[in-house]
Amino acid sequence: MTSVDPGPASGHVPAPAAPADDAPKPARGRPPLDVRLAEGLLALLGRITGRPRGLYQAALLRIGFGGVFLAALLREFLNRREIWGDRSPWSPDMARRLLGGIDGVSILLVRDERWWFELMFAVAVLATTLFVLGWHTRATSVLFCVMVVSFNSRSLLMTDSGDTVLLLMSFYLMFTACGRVWSLDARRARRTGQTRSPGPGHEWGVFVALFAVVAAGLLLPWWASLVGAAIVLTGMWRLPLELEQLRAALVAAMHHCALFVIAAQVCVIYAAAGLFKVQGKTWQDGTAMHYALNLEYFQPFPALSGVVDGGEVWGTALAYVTVFTQVGFAFLVFAKRAKYVVIAIMLGMHLGIAVLLGLPAFSAAMALGDLVFLPTAFLLFVRAQGGRAGRWVGGRLRARPDAEGAPRTLDA
Amino acid sequence: MPAQETPVAGVDPAADPAAGRAADKLPPAGPAVDPEDPDARSPRVQLVAALLAVLLVVGAGFHLLFVSLHVAPENQASRKYSEDIRGWIFPLFEQNWKLFAPDILAVNVRLNARVQYRAADGTVRESAWTDLTGDDIAHIQGNPFPSKADQNLVRRAWDFYLGSHNADESPANNQAELAEEYLRRIVVKRFQDAGRADGIVAVQLRAVSTPIAAPGSSPTQPTVRELGWWETKRDDFR
């Protein structure tokens, strides 16, 4: 919604300004305001329930956040038992005591034995990989969210802001149609010509969804998994046309609302981060960057940090640009041209945070939040360029023409 | 669900002229109507769809309202509805965006630990201080993708302790015991990893805080906060 160009209205509401020559010309002015408001509202509701927009933005988020979580799991493979597993100083019992106060849940706390943890780790890696690839995406998105929530809750004191962003987005993504493009689902639909409507031929998808319901059922009250299973099982049969249309409308409305919430959530993050900084003395007098660059825990390359921490004017400029862009993000990102400037500054900032403060996962998560605001045409352009570059590199490496020609820069 | 025998999934042209017209144009074998096509929907479907959309939009609006109140500084609105906000936000949507704000804590804290252990001759001895934070930093430096185990374990455990204790080390809330247990087990684990597991009977922590010097000024002396000895429990060793 927010991130997509409005496009043509879906058209079941008469356009208010009809061509004058084929009207009988009763010399009437525009319809009264309340009629126009009602028509506008109906048109908006029609758009919300109509064809899903922002599919490429949703797919980008799926690949991006799935990739961030997968990278975190693989990066910590050797430390996995220390961080989330049986060797953690934060024992399962302590985790339960902390989560009890906030109704937190984790699939990792279902059993305390090591084999359960290793099994769940493997399931998490597999489910996240399939989610990134877009394989039965709605079902794998539920598994993805269950795993992100579980790994977060198991060791709440191991998380940082990047994990918070990932957790929020993994939840919102369940409600988006993030598997329609750039996915194995899309490839299967192209090859078999099968529709998305439930019915015969979707048995495999129903099976995966049931698996996801069982996983979610370990965290939720028992009746929730029964409801979930009932909904999933209806996917075995074709729905009557009107119900099928309602299903499609609901899917679209959820998708649009979720994308809007994602966009708004990004704005909330920046507005809060910016407005809290405005109150700070160090951000006002421009020394904040100096302190940030001298924190031992966030200094993977002290020499580089020393270079960037160079001078009063530079430091003040960095601090002020940071605060101004964060506070202004929510306003500027809806401006047609200014948003490119803001997004570019944000991406630069997060690149700096990734390298200088040693927080690549956090930076990647935040950068993905910025990228939702890019228009579809821009994403497709970058994708095409990436595909061309990928083919060129591939051709050079293999020194023969790429027979398949499948660009895979963003897919995999 | 009533199963459909007709090849055109449940389309009844008599009941829905618009859908019937759309179906006429397509080959009978394929899907008759694209369910996503808003123009092919009957007024009845459009009405129910619009109602669903209103519900979802209102729901999304409430969610964003709660998130905003949760993120904002405490105010009269969030005080009035604090119970409702808490109920909605926890555990999934908890968030805090005071990133290096309002002010960066301009101090480097190094957590040191030492243990009392039973030596081979049966006497209890005291180890030298070990720099837990120093080990973390040694792992972080030069690493473009540092591990959570180095970045967050000791750092956040100490924050957790500070948040649950007063300045005189007395408990400030009901998480104090949890924080102490966590720190104690971290120390035991670090000594175990270093091959010093045998017979640790007690551990002690101290935090050495070195303020970061303001630009152009000379560094100030570190301050030391030393905690008491904590006896280890059987469950601390794993």
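Residues numbered from 1 in each chain as written. Chains lettered and ligands numbered in written order. Predicted model: local features only at pLDDT ≥ 70, side-chain atom pairs only at ≥ 80, totals over all residues.

- The name given to chain B in an unreviewed UniProt entry is DUF5819 family protein, with Streptodolium elevatio as the source organism.

- Naming follows an unreviewed UniProt entry, where chain A appears as HTTM domain-containing protein of Streptodolium elevatio.

**Re the overall build of chain A**
Phase 1: Helix and strand content of chain A: 18 helices and zero strands.
Phase 2: Sorting the 412 residues of chain A into buried and exposed places 44% on the buried side. (Helix = DSSP H or I, 4+ residues; strand = E, 2+ residues; numbered from the N terminus. Buried ≥ 20, exposed ≤ 12 C-beta atoms within 10 Å, placed from the backbone.)

**Regarding the overall build of chain B**
Phase 1: Looking only at helices and strands, chain B has eight helices and five strands in total.
Phase 2: Helices and strands appear in chain B in the N-to-C order α-α-α-α-β-β-β-α-α-α-α-β-β.
Phase 3: Within chain B, the fraction of its 238 residues that count as buried is 27%.
Phase 4: Put simply, 41% of the contacts in chain B that link residues at least 6 apart link residues at least 24 apart. (Contact = placed C-beta atoms within 7 Å.)

**Some words on the nonpolar core**
Phase 1: Ala365 of chain A together with Ala157 of chain B are the most contacted members of the largest nonpolar core, which totals 144 residues.
Phase 2: If you tally residues by element for this core, the top one is helix 11 (residues 241–278) of chain A, at 22 residues.
Phase 3: Beyond its immediate chain neighbours, meaning those up to four positions away, Ala365 of chain A contacts Phe65, Val68, Gly162, Val165 and Leu166 of chain A. (Core = buried A, V, L, I, M, F, W, Y, C linked by C-beta atoms within 7 Å.)

**A closer look at the UniProt feature "transmembrane region" (unreviewed entry) in chain B**
Phase 1: Mapped onto this structure's residue numbering, the UniProt feature "transmembrane region" (unreviewed entry) falls at residues 47–72 of chain B.
Phase 2: The annotated region residues 47–72 of chain B carries 96% helix and 0% strand content, and the separation between its end C-alpha atoms amounts to 37 Å. (UniProt positions renumbered as here; feature names shortened; annotations may be inferred.)

**Regarding the pairing of strand 5 (residues 223–231) of chain B**
Residues and elements named next belong to chain B.
Phase 1: With respect to burial, strand 5 is a largely exposed element, only zero of its nine residues being buried.
Phase 2: The pairing of strand 4 (residues 200–211) with strand 5 spans seven bridges and is classified as antiparallel. Bridge pairing links Val203 to Trp230 in strand 5. (Pairing = 2+ DSSP bridges.)

**Description of the UniProt feature "transmembrane region" (unreviewed entry) in chain A**
Residues and elements named next belong to chain A.
Phase 1: According to UniProt, the feature "transmembrane region" (unreviewed entry) maps to residues 54–74, 115–133, 164–184, 204–237, 313–333, 340–359 and 365–382 in the numbering used here.
Phase 2: Spanning residues 313–333, this segment combines 95% helix with 0% strand, and its end C-alpha atoms are found 27 Å apart.
Phase 3: Helix and strand shares over residues 340–359 are 85% and 0% respectively, and the end C-alpha atoms of the span are 24 Å apart.

**Quick notes on the interface of chain B and chain A**
Phase 1: Counting residues at the interface gives 74 residues for chain B, matched by 79 residues for chain A.
Phase 2: For the side of chain B that touches chain A, the secondary-structure elements that each account for two or more residues are helix 2 (43–71), helix 5 (132–140), helix 6 (148–151), helix 7 (153–164) and helix 8 (176–193) of chain B.
Phase 3: Of the residues forming the side of chain B that touches chain A, the biggest block, 15 residues, is contributed by helix 2 of chain B.
Phase 4: Residue composition of the side of chain B that touches chain A, grouped by class: 49 nonpolar, 13 polar and 12 charged. (Nonpolar A, V, L, I, M, F, W, Y, C, P; charged D, E, K, R; others polar.)

**Things to note about helix 5 of chain B**
Residue and element names in this part refer to chain B.
Phase 1: Buried residues of helix 5: Leu132, Thr133, Asp136 and Ile137, and no others. Buried residues of helix 5 fall within an arc of 135° about the axis and therefore sit on the same side.
Phase 2: One or two steps after helix 5, the chain reaches Gly142, where phi turns positive at roughly 80°. (Arc of directions from axis to C-beta.)

**Notes on the domain arrangement of chain B**
Phase 1: Parsing chain B into structural domains produces domain 1 (39–89) and domain 2 (107–237).
Phase 2: Each of domain 1 of chain B and domain 2 of chain B has a C-alpha centre, and the two are 44 Å apart. (Domains from an automatic or database assignment.)

**Looking at the confidence of the model for chain B**
Residue and element names in this part refer to chain B.
Phase 1: Put simply, chain B has an average pLDDT of 86, and 86% of its residues get 70 or more.
Phase 2: Across chain B, the element-wise mean pLDDT spans from 43 in helix 1 (residues 17–25) up to 97 in helix 5.
Phase 3: Low confidence marks residues 1–30, where pLDDT is under 50. Its contacts with residues over four positions away, or in another chain, come to 41 contacts.
Phase 4: Interface confidence in the predicted complex, given as ipTM, is 0.86; pTM for the same model is 0.87. (pLDDT = per-residue confidence, 0-100.)

**A closer look at the environment of Leu226 of chain A**
Phase 1: Residue position: Leu226 of chain A is located in helix 10 (residues 222–233).
Phase 2: C-alpha of Leu226 of chain A to C-alpha of Val213 of chain A: the two residues are 13 residues apart in sequence and 8.6 Å apart in space.

**Digging into the pairing of strand 4 of chain B**
Phase 1: In this structure, strand 1 (residues 107–118) of chain B lies alongside strand 4 of chain B, joined through 11 bridges in antiparallel fashion. Of the residues in strand 4 of chain B, the one forming a bridge with Val109 of chain B is Ser209 of chain B.

**Some points on unusual backbone geometry**
Phase 1: Cis geometry is found at the peptide bond from Phe90 of chain B to Pro91 of chain B, where omega equals -5°.
Phase 2: Relative to the helices and strands, Pro91 of chain B resides in the loop between helix 4 (82–89) and strand 1.
Phase 3: The linkage connecting Ala101 of chain B with the following residue, Pro102 of chain B, adopts the cis geometry, with an omega of -10°.
Phase 4: With respect to the helices and strands, the residue Pro102 of chain B is situated in the loop between helix 4 and strand 1.
Phase 5: Positioned with a positive phi, Asp103 of chain A is a non-glycine residue whose angle comes to about 60°.
Phase 6: Relative to the elements of secondary structure, Asp103 of chain A occurs in the loop between helix 4 (92–100) and helix 5 (114–133).
Phase 7: Its 10 C-beta neighbours within 10 Å are what place Asp103 of chain A among the exposed residues.

**What about the packing of helix 5 of chain A against helix 6 (residues 137–154) of chain A?**
Residue and element names in this part refer to chain A.
Phase 1: In contact at an axis separation of 9 Å, helix 5 and helix 6 are set at 135° when each is read in the N-to-C sense. When the axis of helix 5 is compared with that of helix 6, the two are oblique. Judged by the twist between their axes, the crossing of helix 5 over helix 6 is left-handed. Judged by residue contacts, Ala124, Ala127, Thr128, Leu130 and Phe131 of helix 5 engage Thr137, Thr140, Ser141, Leu143, Phe144, Met147 and Phe151 from helix 6.
Phase 2: The residue makeup of the contact of helix 5 with helix 6, split by class, is eight nonpolar, four polar and no charged. (Axes fitted to C-alpha atoms, helices over the stretch in contact; angles between N-to-C directions. Parallel < 35°, antiparallel > 145°, perpendicular 65-115°, else oblique. Left-handed = near helix turned anticlockwise from the far one by under 90°.)

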